[in-house]
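Remarks on the overall topology
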Number of protein chains: 2
Amino acid sequence: MPSFAACGAQNSRLLSLRLAQVKSGEAEGIPSNESVIIDEETLQRDLEKAIKEEDYVRAAKIRDDLRLLQEDSKAAVLSANTRFYNAFRKGDLVAMNSIWAKEDHVYCIHPGAGRISGYDLVIGSWEIMCGAEHEFPLQIDLQNIEVHVIGDVGYVTCLEVVKTRGSSWGKQMATNVFERINGQWFICIHHASHINM
Amino acid sequence: MPSFAACGAQNSRLLSLRLAQVKSGEAEGIPSNESVIIDEETLQRDLEKAIKEEDYVRAAKIRDDLRLLQEDSKAAVLSANTRFYNAFRKGDLVAMNSIWAKEDHVYCIHPGAGRISGYDLVIGSWEIMCGAEHEFPLQIDLQNIEVHVIGDVGYVTCLEVVKTRGSSWGKQMATNVFERINGQWFICIHHASHINM
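Residues numbered from 1 in each chain as written. Chains lettered and ligands numbered in written order. Predicted model: local features only at pLDDT ≥ 70, side-chain atom pairs only at ≥ 80, totals over all residues. Heavy atoms only, no water.

1. Describing the interface of chain B and chain A
Here is the rule: Note on contacts: a residue pair qualifies if any of its non-hydrogen atoms lie within 4.5 Å across the two residues. Basic side-chain nitrogens of Lys or Arg form a salt bridge, by our definition, when they fall within 4 Å of a carboxyl oxygen of Asp or Glu. In protein, a polar contact requires one atom able to donate a hydrogen and another able to accept it; more generally it is a pair of N or O atoms within 3.5 Å, and residues adjacent in sequence count only if both atoms are side-chain atoms. Under the DSSP-based scheme used, a helix requires at least four consecutive residues in state H or I and a strand at least two consecutive residues in state E, with every element numbered from the N terminus. Classes in brief: Ala, Val, Leu, Ile, Met, Phe, Trp, Tyr, Cys and Pro nonpolar; Asp, Glu, Lys and Arg charged; the others, Gly included, polar.
Contact residues are listed per partner, giving 35 residues for chain B and 35 residues for chain A. Among the salt bridges present, the one from Glu146 of chain A reaches Arg115 of chain B, with a minimum N-O distance of 3.7 Å. In this structure, the connection of chain B to chain A is made through 16 residue pairs in polar contact (both at pLDDT 80 or more). Broken down by secondary-structure element, the contributors of at least two residues to the side of chain B that touches chain A are α2 (40-52), β1 (107-109), β2 (115-117), β3 (139-150), β4 (153-163), β5 (170-181) and β6 (184-194) of chain B. When its residues are assigned to classes, the side of chain B that touches chain A shows 14 nonpolar, twelve polar and nine charged.

The structure is reproduced here in C-alpha coordinates:
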(Lines give C-alpha, C1' and ligand atoms only; values in the text may rest on other atoms or scores of the structure.)
Protein backbone atom coordinates (compact mmCIF):
# COMPACT_ATOMS: atom_id res chain seq x y z
CA MET A 1 0.00 0.00 0.00
CA PRO A 2 1.49 3.36 -0.99
CA SER A 3 2.31 5.90 1.69
CA PHE A 4 -0.23 8.74 1.65
CA ALA A 5 2.45 11.32 2.49
CA ALA A 6 4.31 10.16 -0.59
CA CYS A 7 1.05 10.35 -2.60
CA GLY A 8 0.62 13.95 -1.47
CA ALA A 9 4.02 14.96 -2.77
CA GLN A 10 3.32 13.09 -5.98
CA ASN A 11 -0.02 14.83 -6.39
CA SER A 12 1.68 18.24 -6.21
CA ARG A 13 4.11 17.19 -8.93
CA LEU A 14 1.27 15.77 -10.98
CA LEU A 15 -0.66 19.00 -10.64
CA SER A 16 2.35 20.92 -12.02
CA LEU A 17 2.52 18.35 -14.79
CA ARG A 18 -1.14 18.94 -15.64
CA LEU A 19 -0.78 22.71 -15.57
CA ALA A 20 2.30 22.49 -17.78
CA GLN A 21 0.36 20.38 -20.24
CA VAL A 22 -2.61 22.79 -20.21
CA LYS A 23 -0.25 25.68 -20.95
CA SER A 24 1.41 23.77 -23.74
CA GLY A 25 -2.09 22.96 -25.07
CA GLU A 26 -3.05 26.65 -24.97
CA ALA A 27 0.04 27.51 -27.00
CA GLU A 28 -1.21 25.07 -29.62
CA GLY A 29 -4.59 26.72 -29.76
CA ILE A 30 -6.58 24.49 -27.43
CA PRO A 31 -9.11 26.69 -25.58
CA SER A 32 -8.01 27.37 -22.01
CA ASN A 33 -11.45 26.53 -20.58
CA GLU A 34 -11.25 22.98 -21.91
CA SER A 35 -10.23 20.40 -19.32
CA VAL A 36 -6.97 18.80 -20.38
CA ILE A 37 -6.17 15.63 -18.46
CA ILE A 38 -3.17 13.58 -19.38
CA ASP A 39 -4.27 9.99 -19.74
CA GLU A 40 -2.20 6.85 -19.49
CA GLU A 41 -2.71 5.89 -23.12
CA THR A 42 -1.42 9.24 -24.40
CA LEU A 43 1.66 8.98 -22.17
CA GLN A 44 2.15 5.35 -23.22
CA ARG A 45 2.05 6.37 -26.89
CA ASP A 46 4.45 9.28 -26.22
CA LEU A 47 6.78 6.86 -24.45
CA GLU A 48 6.78 4.41 -27.35
CA LYS A 49 7.41 7.29 -29.76
CA ALA A 50 10.33 8.60 -27.68
CA ILE A 51 11.86 5.11 -27.52
CA LYS A 52 11.40 4.64 -31.29
CA GLU A 53 13.11 7.98 -31.86
CA GLU A 54 15.87 6.90 -29.44
CA ASP A 55 15.23 9.99 -27.31
CA TYR A 56 15.94 8.21 -24.03
CA VAL A 57 16.06 11.35 -21.88
CA ARG A 58 12.48 12.21 -22.92
CA ALA A 59 11.50 8.54 -22.54
CA ALA A 60 12.79 8.47 -18.95
CA LYS A 61 10.82 11.63 -18.11
CA ILE A 62 7.62 10.24 -19.64
CA ARG A 63 8.12 6.97 -17.77
CA ASP A 64 8.35 8.95 -14.49
CA ASP A 65 5.19 10.91 -15.36
CA LEU A 66 3.39 7.66 -16.19
CA ARG A 67 4.36 6.21 -12.82
CA LEU A 68 3.14 9.38 -11.06
CA LEU A 69 -0.17 9.24 -12.89
CA GLN A 70 -0.65 5.58 -11.96
CA GLU A 71 0.16 6.29 -8.29
CA ASP A 72 -2.25 9.23 -8.40
CA SER A 73 -5.01 6.96 -9.73
CA LYS A 74 -4.27 4.39 -7.02
CA ALA A 75 -4.64 7.07 -4.33
CA ALA A 76 -7.96 8.18 -5.87
CA VAL A 77 -9.28 4.58 -5.97
CA LEU A 78 -8.19 4.01 -2.34
CA SER A 79 -9.98 7.21 -1.40
CA ALA A 80 -13.20 6.00 -3.10
CA ASN A 81 -12.81 2.70 -1.22
CA THR A 82 -12.51 4.64 2.04
CA ARG A 83 -15.68 6.62 1.20
CA PHE A 84 -17.51 3.35 0.54
CA TYR A 85 -16.52 1.85 3.92
CA ASN A 86 -17.21 5.11 5.78
CA ALA A 87 -20.76 5.08 4.37
CA PHE A 88 -21.08 1.42 5.44
CA ARG A 89 -19.68 2.09 8.95
CA LYS A 90 -22.10 4.95 9.56
CA GLY A 91 -25.06 3.33 7.79
CA ASP A 92 -25.11 6.57 5.77
CA LEU A 93 -27.41 5.82 2.84
CA VAL A 94 -27.01 9.24 1.21
CA ALA A 95 -23.23 8.73 1.03
CA MET A 96 -23.74 5.11 -0.07
CA ASN A 97 -26.06 6.17 -2.91
CA SER A 98 -23.55 8.71 -4.16
CA ILE A 99 -20.55 6.34 -4.27
CA TRP A 100 -22.23 3.71 -6.52
CA ALA A 101 -22.12 4.16 -10.31
CA LYS A 102 -25.71 4.79 -11.47
CA GLU A 103 -25.55 1.98 -14.03
CA ASP A 104 -27.32 -1.28 -14.84
CA HIS A 105 -24.09 -3.28 -14.80
CA VAL A 106 -23.19 -2.61 -11.14
CA TYR A 107 -23.66 -5.50 -8.70
CA CYS A 108 -23.25 -6.56 -5.12
CA ILE A 109 -22.63 -9.99 -3.61
CA HIS A 110 -23.11 -9.83 0.15
CA PRO A 111 -21.53 -12.67 2.22
CA GLY A 112 -23.32 -15.98 1.61
CA ALA A 113 -25.79 -14.40 -0.81
CA GLY A 114 -26.40 -14.32 -4.54
CA ARG A 115 -25.87 -11.44 -6.95
CA ILE A 116 -27.92 -8.27 -6.74
CA SER A 117 -27.66 -6.34 -10.02
CA GLY A 118 -28.39 -2.80 -11.12
CA TYR A 119 -28.15 0.46 -9.21
CA ASP A 120 -31.70 0.45 -7.79
CA LEU A 121 -31.61 -3.09 -6.39
CA VAL A 122 -28.05 -2.65 -5.08
CA ILE A 123 -29.08 0.49 -3.21
CA GLY A 124 -32.16 -1.39 -1.97
CA SER A 125 -29.86 -4.05 -0.50
CA TRP A 126 -27.86 -1.35 1.34
CA GLU A 127 -31.10 0.07 2.71
CA ILE A 128 -31.61 -3.33 4.36
CA MET A 129 -27.93 -3.59 5.45
CA CYS A 130 -28.08 -0.08 6.92
CA GLY A 131 -31.45 -0.74 8.50
CA ALA A 132 -32.54 -1.31 12.09
CA GLU A 133 -30.88 -4.71 12.46
CA HIS A 134 -27.45 -3.27 13.30
CA GLU A 135 -26.23 -0.60 15.67
CA PHE A 136 -24.24 2.11 13.92
CA PRO A 137 -21.45 3.04 13.70
CA LEU A 138 -20.15 -0.45 12.92
CA GLN A 139 -16.57 -1.37 13.65
CA ILE A 140 -15.01 -2.37 10.35
CA ASP A 141 -11.24 -2.70 10.27
CA LEU A 142 -9.65 -3.12 6.88
CA GLN A 143 -6.48 -5.14 6.59
CA ASN A 144 -4.15 -6.21 3.77
CA ILE A 145 -5.51 -3.63 1.36
CA GLU A 146 -4.22 -4.05 -2.21
CA VAL A 147 -5.07 -1.79 -5.12
CA HIS A 148 -4.50 -2.01 -8.86
CA VAL A 149 -5.56 0.40 -11.60
CA ILE A 150 -5.76 -0.08 -15.36
CA GLY A 151 -7.08 2.90 -17.30
CA ASP A 152 -10.55 3.77 -16.01
CA VAL A 153 -10.94 0.65 -13.84
CA GLY A 154 -9.44 0.10 -10.41
CA TYR A 155 -9.89 -2.74 -8.01
CA VAL A 156 -9.27 -3.07 -4.32
CA THR A 157 -9.12 -6.26 -2.35
CA CYS A 158 -9.05 -6.32 1.42
CA LEU A 159 -9.84 -8.27 4.52
CA GLU A 160 -12.85 -6.83 6.39
CA VAL A 161 -12.81 -7.45 10.14
CA VAL A 162 -16.34 -6.51 11.12
CA LYS A 163 -17.70 -6.16 14.66
CA THR A 164 -20.95 -4.78 15.98
CA ARG A 165 -21.09 -3.62 19.60
CA GLY A 166 -20.95 -6.69 21.81
CA SER A 167 -21.03 -9.23 19.01
CA SER A 168 -18.77 -10.42 16.25
CA TRP A 169 -19.36 -10.93 12.55
CA GLY A 170 -15.93 -12.29 11.88
CA LYS A 171 -13.83 -11.88 8.77
CA GLN A 172 -14.69 -11.35 5.14
CA MET A 173 -12.64 -11.04 1.97
CA ALA A 174 -13.84 -8.28 -0.32
CA THR A 175 -13.26 -7.48 -3.98
CA ASN A 176 -14.34 -3.93 -4.82
CA VAL A 177 -14.18 -2.70 -8.41
CA PHE A 178 -14.29 1.02 -9.24
CA GLU A 179 -14.86 2.85 -12.53
CA ARG A 180 -13.76 6.37 -13.40
CA ILE A 181 -16.76 8.20 -14.87
CA ASN A 182 -16.24 11.82 -15.92
CA GLY A 183 -13.06 11.96 -13.85
CA GLN A 184 -14.65 10.60 -10.66
CA TRP A 185 -14.33 7.10 -9.21
CA PHE A 186 -17.51 5.13 -8.41
CA ILE A 187 -17.87 1.61 -7.05
CA CYS A 188 -19.44 -0.87 -9.47
CA ILE A 189 -18.76 -4.25 -7.80
CA HIS A 190 -18.73 -5.22 -4.15
CA HIS A 191 -18.20 -8.96 -3.64
CA ALA A 192 -17.71 -10.01 -0.02
CA SER A 193 -17.35 -13.57 1.27
CA HIS A 194 -16.93 -15.16 4.70
CA ILE A 195 -13.66 -16.78 5.62
CA ASN A 196 -14.14 -20.18 7.26
CA MET A 197 -11.88 -20.37 10.27
CA MET B 1 -25.77 -12.48 -22.51
CA PRO B 2 -25.27 -11.71 -26.20
CA SER B 3 -26.12 -14.31 -28.82
CA PHE B 4 -22.96 -15.86 -30.24
CA ALA B 5 -24.43 -16.08 -33.73
CA ALA B 6 -24.99 -12.33 -33.55
CA CYS B 7 -21.42 -11.89 -32.30
CA GLY B 8 -20.14 -13.84 -35.32
CA ALA B 9 -21.88 -11.52 -37.76
CA GLN B 10 -20.63 -8.54 -35.80
CA ASN B 11 -17.05 -9.87 -35.88
CA SER B 12 -17.13 -10.03 -39.68
CA ARG B 13 -18.26 -6.42 -39.84
CA LEU B 14 -15.64 -5.45 -37.32
CA LEU B 15 -12.96 -7.18 -39.39
CA SER B 16 -13.97 -5.11 -42.42
CA LEU B 17 -13.89 -2.04 -40.20
CA ARG B 18 -10.34 -2.86 -39.09
CA LEU B 19 -9.17 -3.51 -42.65
CA ALA B 20 -10.69 -0.23 -43.81
CA GLN B 21 -8.86 1.57 -41.02
CA VAL B 22 -5.56 -0.15 -41.91
CA LYS B 23 -5.96 0.90 -45.55
CA SER B 24 -6.78 4.45 -44.55
CA GLY B 25 -3.71 4.33 -42.27
CA GLU B 26 -1.50 3.20 -45.14
CA ALA B 27 -2.67 6.12 -47.23
CA GLU B 28 -1.49 8.40 -44.44
CA GLY B 29 1.98 6.86 -44.47
CA ILE B 30 1.57 4.35 -41.61
CA PRO B 31 3.65 1.25 -42.50
CA SER B 32 1.43 -1.61 -43.65
CA ASN B 33 3.18 -4.15 -41.42
CA GLU B 34 2.22 -2.21 -38.30
CA SER B 35 -0.76 -3.60 -36.44
CA VAL B 36 -3.53 -1.01 -36.43
CA ILE B 37 -6.31 -1.75 -33.99
CA ILE B 38 -9.11 0.70 -33.47
CA ASP B 39 -9.46 1.34 -29.80
CA GLU B 40 -12.48 2.63 -27.93
CA GLU B 41 -10.82 5.88 -26.91
CA THR B 42 -9.94 6.80 -30.49
CA LEU B 43 -13.50 6.11 -31.60
CA GLN B 44 -14.86 8.04 -28.61
CA ARG B 45 -12.70 11.02 -29.53
CA ASP B 46 -13.76 10.77 -33.18
CA LEU B 47 -17.37 10.65 -32.05
CA GLU B 48 -17.02 13.78 -29.92
CA LYS B 49 -15.27 15.54 -32.81
CA ALA B 50 -18.04 14.58 -35.25
CA ILE B 51 -20.74 15.83 -32.83
CA LYS B 52 -18.81 19.08 -32.28
CA GLU B 53 -18.59 19.55 -36.03
CA GLU B 54 -22.34 18.73 -36.26
CA ASP B 55 -21.59 15.91 -38.72
CA TYR B 56 -24.35 13.66 -37.39
CA VAL B 57 -24.20 11.12 -40.21
CA ARG B 58 -20.54 10.41 -39.39
CA ALA B 59 -21.36 10.49 -35.64
CA ALA B 60 -24.06 7.83 -36.10
CA LYS B 61 -21.63 5.59 -38.02
CA ILE B 62 -18.92 5.98 -35.37
CA ARG B 63 -21.47 5.22 -32.65
CA ASP B 64 -22.37 1.97 -34.44
CA ASP B 65 -18.68 1.06 -34.80
CA LEU B 66 -18.12 1.76 -31.12
CA ARG B 67 -21.01 -0.53 -30.19
CA LEU B 68 -19.59 -3.27 -32.45
CA LEU B 69 -16.15 -2.96 -30.88
CA GLN B 70 -17.65 -3.21 -27.38
CA GLU B 71 -19.69 -6.29 -28.36
CA ASP B 72 -16.55 -7.82 -29.89
CA SER B 73 -14.64 -7.28 -26.63
CA LYS B 74 -17.50 -8.82 -24.64
CA ALA B 75 -17.36 -11.95 -26.84
CA ALA B 76 -13.57 -12.15 -26.35
CA VAL B 77 -13.92 -11.83 -22.55
CA LEU B 78 -16.67 -14.49 -22.49
CA SER B 79 -14.40 -16.75 -24.52
CA ALA B 80 -11.54 -16.26 -21.99
CA ASN B 81 -14.04 -17.06 -19.20
CA THR B 82 -14.99 -20.29 -21.04
CA ARG B 83 -11.29 -21.23 -21.38
CA PHE B 84 -10.84 -20.68 -17.63
CA TYR B 85 -13.79 -22.95 -16.72
CA ASN B 86 -12.76 -25.60 -19.29
CA ALA B 87 -9.31 -25.76 -17.66
CA PHE B 88 -11.02 -26.06 -14.24
CA ARG B 89 -13.46 -28.76 -15.45
CA LYS B 90 -10.67 -30.91 -16.90
CA GLY B 91 -8.18 -30.18 -14.12
CA ASP B 92 -5.89 -29.09 -17.01
CA LEU B 93 -3.05 -27.25 -15.29
CA VAL B 94 -1.25 -26.37 -18.53
CA ALA B 95 -4.37 -24.59 -19.79
CA MET B 96 -4.94 -23.02 -16.35
CA ASN B 97 -1.36 -21.65 -16.25
CA SER B 98 -1.76 -20.07 -19.68
CA ILE B 99 -5.06 -18.26 -18.95
CA TRP B 100 -3.74 -16.36 -15.87
CA ALA B 101 -1.91 -13.05 -16.36
CA LYS B 102 1.71 -13.61 -15.29
CA GLU B 103 1.64 -10.64 -12.88
CA ASP B 104 2.12 -9.95 -9.19
CA HIS B 105 -1.28 -8.25 -8.86
CA VAL B 106 -3.40 -11.29 -9.84
CA TYR B 107 -5.30 -13.02 -7.04
CA CYS B 108 -7.69 -15.80 -6.25
CA ILE B 109 -10.26 -16.16 -3.46
CA HIS B 110 -11.52 -19.74 -3.35
CA PRO B 111 -14.85 -20.34 -1.51
CA GLY B 112 -14.47 -19.82 2.24
CA ALA B 113 -10.78 -19.00 1.92
CA GLY B 114 -8.55 -15.91 2.09
CA ARG B 115 -6.73 -14.18 -0.74
CA ILE B 116 -3.91 -15.87 -2.62
CA SER B 117 -1.86 -13.27 -4.48
CA GLY B 118 0.64 -13.36 -7.32
CA TYR B 119 0.89 -15.68 -10.31
CA ASP B 120 3.08 -18.37 -8.67
CA LEU B 121 0.93 -18.80 -5.54
CA VAL B 122 -2.32 -18.62 -7.54
CA ILE B 123 -1.10 -21.38 -9.86
CA GLY B 124 0.03 -23.31 -6.78
CA SER B 125 -3.54 -23.13 -5.44
CA TRP B 126 -4.88 -24.54 -8.73
CA GLU B 127 -2.36 -27.38 -8.50
CA ILE B 128 -4.07 -28.32 -5.22
CA MET B 129 -7.59 -27.75 -6.67
CA CYS B 130 -6.75 -29.86 -9.70
CA GLY B 131 -5.04 -32.52 -7.57
CA ALA B 132 -6.07 -36.01 -6.57
CA GLU B 133 -8.93 -34.95 -4.27
CA HIS B 134 -11.45 -34.60 -7.11
CA GLU B 135 -12.43 -36.79 -10.02
CA PHE B 136 -12.11 -35.02 -13.35
CA PRO B 137 -13.83 -33.92 -15.45
CA LEU B 138 -15.91 -31.93 -12.96
CA GLN B 139 -19.47 -30.94 -13.76
CA ILE B 140 -19.58 -27.15 -13.61
CA ASP B 141 -22.68 -25.52 -15.02
CA LEU B 142 -22.56 -21.76 -15.41
CA GLN B 143 -25.78 -19.79 -15.03
CA ASN B 144 -26.78 -16.13 -15.16
CA ILE B 145 -23.55 -15.06 -16.88
CA GLU B 146 -23.13 -11.30 -17.12
CA VAL B 147 -20.23 -9.53 -18.79
CA HIS B 148 -19.06 -5.93 -18.88
CA VAL B 149 -16.00 -4.43 -20.58
CA ILE B 150 -14.31 -1.05 -20.08
CA GLY B 151 -11.17 -0.51 -22.13
CA ASP B 152 -8.66 -3.23 -21.34
CA VAL B 153 -10.60 -4.65 -18.36
CA GLY B 154 -13.56 -6.99 -18.54
CA TYR B 155 -15.46 -8.68 -15.77
CA VAL B 156 -17.75 -11.67 -15.72
CA THR B 157 -20.05 -12.66 -12.93
CA CYS B 158 -21.84 -15.99 -12.88
CA LEU B 159 -23.42 -18.64 -10.74
CA GLU B 160 -21.30 -21.82 -10.65
CA VAL B 161 -23.29 -25.02 -10.07
CA VAL B 162 -20.54 -27.51 -9.31
CA LYS B 163 -20.95 -31.29 -9.01
CA THR B 164 -18.43 -34.08 -8.74
CA ARG B 165 -19.57 -37.59 -9.72
CA GLY B 166 -21.93 -38.85 -7.08
CA SER B 167 -21.64 -35.85 -4.79
CA SER B 168 -22.63 -32.20 -4.76
CA TRP B 169 -20.64 -29.08 -3.98
CA GLY B 170 -23.56 -26.76 -4.30
CA LYS B 171 -23.64 -23.25 -5.69
CA GLN B 172 -21.09 -20.46 -5.79
CA MET B 173 -21.14 -16.91 -7.04
CA ALA B 174 -18.04 -15.94 -8.97
CA THR B 175 -16.52 -12.62 -9.98
CA ASN B 176 -13.84 -13.07 -12.64
CA VAL B 177 -11.85 -10.06 -13.85
CA PHE B 178 -9.89 -10.17 -17.10
CA GLU B 179 -7.20 -7.87 -18.52
CA ARG B 180 -6.25 -7.41 -22.15
CA ILE B 181 -2.46 -7.70 -22.44
CA ASN B 182 -0.92 -7.36 -25.92
CA GLY B 183 -4.34 -7.94 -27.46
CA GLN B 184 -5.10 -11.14 -25.52
CA TRP B 185 -7.43 -11.53 -22.52
CA PHE B 186 -6.07 -13.09 -19.31
CA ILE B 187 -7.80 -13.68 -15.99
CA CYS B 188 -6.43 -11.61 -13.08
CA ILE B 189 -9.10 -12.10 -10.36
CA HIS B 190 -11.19 -15.14 -9.47
CA HIS B 191 -13.35 -14.57 -6.39
CA ALA B 192 -15.81 -17.40 -5.65
CA SER B 193 -18.10 -17.61 -2.62
CA HIS B 194 -20.62 -20.17 -1.38
CA ILE B 195 -24.30 -19.33 -1.42
CA ASN B 196 -26.04 -20.24 1.84
CA MET B 197 -29.32 -21.92 1.01
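Picking up after the structure, the text goes on.
2. Let's talk about the packing of aromatic side chains
Under the convention used in this document: Pairs were defined over the aromatic rings of Phe, Tyr and Trp, the Trp ring being its six-membered one, requiring ring centres within 6.5 Å. Orientation was assigned from the angle between planes: stacked under 30 degrees, edge-to-face over 60, tilted for the rest.
Summed over all chains, the structure comprises eight aromatic pairs over all chains. An angle of 75° between the planes, with centres 4.9 Å apart, marks the rings of Phe88 of chain B and Trp126 of chain B as edge-to-face. Here Phe88 of chain B is found in helix α3 (residues 56-90), whereas its partner Trp126 of chain B is found in helix α5 (residues 119-129), with 38 residues between them in sequence. Here a set of aromatic residues connected by ring pairs shows up, and it is made of Phe84, Tyr85, Phe88, Trp100 and Trp126 of chain A.

3. Quick look at the nonpolar core
Selection rule: Only buried Ala, Val, Leu, Ile, Met, Phe, Trp, Tyr and Cys residues count toward a nonpolar core, and they belong to the same one when joined by side-chain atoms within 4.5 Å. With a 1.4 Å probe rolled over the protein chains alone, any residue whose accessible area is under 20% of its type maximum counts as buried; one over 50% counts as exposed, and the rest are partly exposed.
By size, the foremost hydrophobic cluster in this structure holds 88 residues, and its most contacted members are Trp100 and Trp126 of chain A together with Trp100 and Trp126 of chain B. Beyond its immediate stretch of four places on either side in the chain, Trp126 of chain A contacts Phe84, Phe88, Leu93, Met96, Trp100, Cys108, His110 and His190 of chain A.

4. Considering unusual backbone geometry
The phi dihedral of Glu54 of chain A is positive, around 55°, even though this residue is not glycine. One can find Glu54 of chain A in the loop between α2 (40-52) and α3 (56-90). For Asn144 of chain B, which is not glycine, the phi torsion reads 55° and is therefore positive. Relative to the elements of secondary structure, Asn144 of chain B occurs in strand β3.

5. What to know about the packing of α2 of chain B against α3 of chain B
Residue and element names in this part refer to chain B. Rules: Interaxial angles span 0 to 180 degrees and are taken between N-to-C directions of axes, which are lines fitted to C-alpha atoms, for helices over the stretch in contact. Any angle that is under 35 degrees is reported as roughly parallel, and any over 145 degrees as roughly antiparallel; angles of 65 to 115 degrees are reported as roughly perpendicular and all others as oblique. For any pair of crossing helices, the crossing counts as left-handed if the nearer helix is rotated counterclockwise from the farther one by less than a right angle, and right-handed if it is rotated clockwise.
Between α2 and α3, the least distance of the axes is 8 Å, while the angle of their chain directions is 160°. The angle between α2 and α3 falls in the class roughly antiparallel. Judged by the twist between their axes, the crossing of α2 over α3 is left-handed. Residue-level inspection shows Glu40, Leu43, Gln44, Asp46, Leu47, Ala50 and Ile51 of α2 in contact with α3, the latter providing Tyr56, Arg58, Ala59, Ile62, Arg63, Asp65, Leu66, Leu69 and Gln70. A breakdown of the residues in the contact of α2 with α3 according to their chemical character gives nine nonpolar, two polar and five charged.

6. A closer look at the pattern of salt bridges
Residues and elements named next belong to chain A. Under the definition given, this model contains 14 salt bridges over all chains. Arg180 is the partner of Asp152 in a salt bridge, and the nearest nitrogen-oxygen pair spans 2.9 Å. Taken together, the positions of Asp152 in the loop between β3 (139-150) and β4 (153-164) and Arg180 in strand β5 (residues 167-181) put the pair 28 residues apart, joining distant regions of the chain. A single network of salt bridges, built from pairs that share partners, joins Lys49, Glu53, Asp55 and Arg58.

7. Examining the sheet that holds β6 of chain B
Residue and element names in this part refer to chain B. Going by this rule: Two strands pair under a simple rule: DSSP has to find at least two bridges between them.
Pairing is mixed in the open sheet, where six strands are placed in the order β2-β1-β6-β5-β4-β3. Each having just a single partner strand, β2 and β3 make up the two edges of the open sheet. Across the sheet, the axes of successive neighbouring strands diverge by a mean angle of 20°, strand direction being ignored. Judged from the ten bridges that link them, β4 and β5 form a sheet pairing that is antiparallel. Within β5, the position partnered with Thr157 by the bridge is Thr175. In the packing of α3 onto the sheet, contacts are made with β3, β4, β5 and β6, and the angle to β3 comes to roughly 150°. Sitting on the sheet, α5 touches β1, β2 and β6, and the angle it makes with β2 is about 125°.

8. Remarks on the relation of the copies chain B and chain A
We count it as follows: Least-squares superposition of the copies uses the C-alpha atoms of those residues scoring a pLDDT of at least 70 in each of them.
Once chain B has been moved 0.0 Å along the axis and rotated by 180°, it coincides with chain A to within an RMSD of 0.0 Å. The two molecules are tied by a two-fold rotation axis, judged by turn and shift. For chain B, the residue whose C-alpha comes nearest the rotation axis is Ser193 of chain B, separated from it by 2.8 Å. Mapped onto chain A, 100% of the interface residues of chain B again fall at the interface, so both copies present the same surface.

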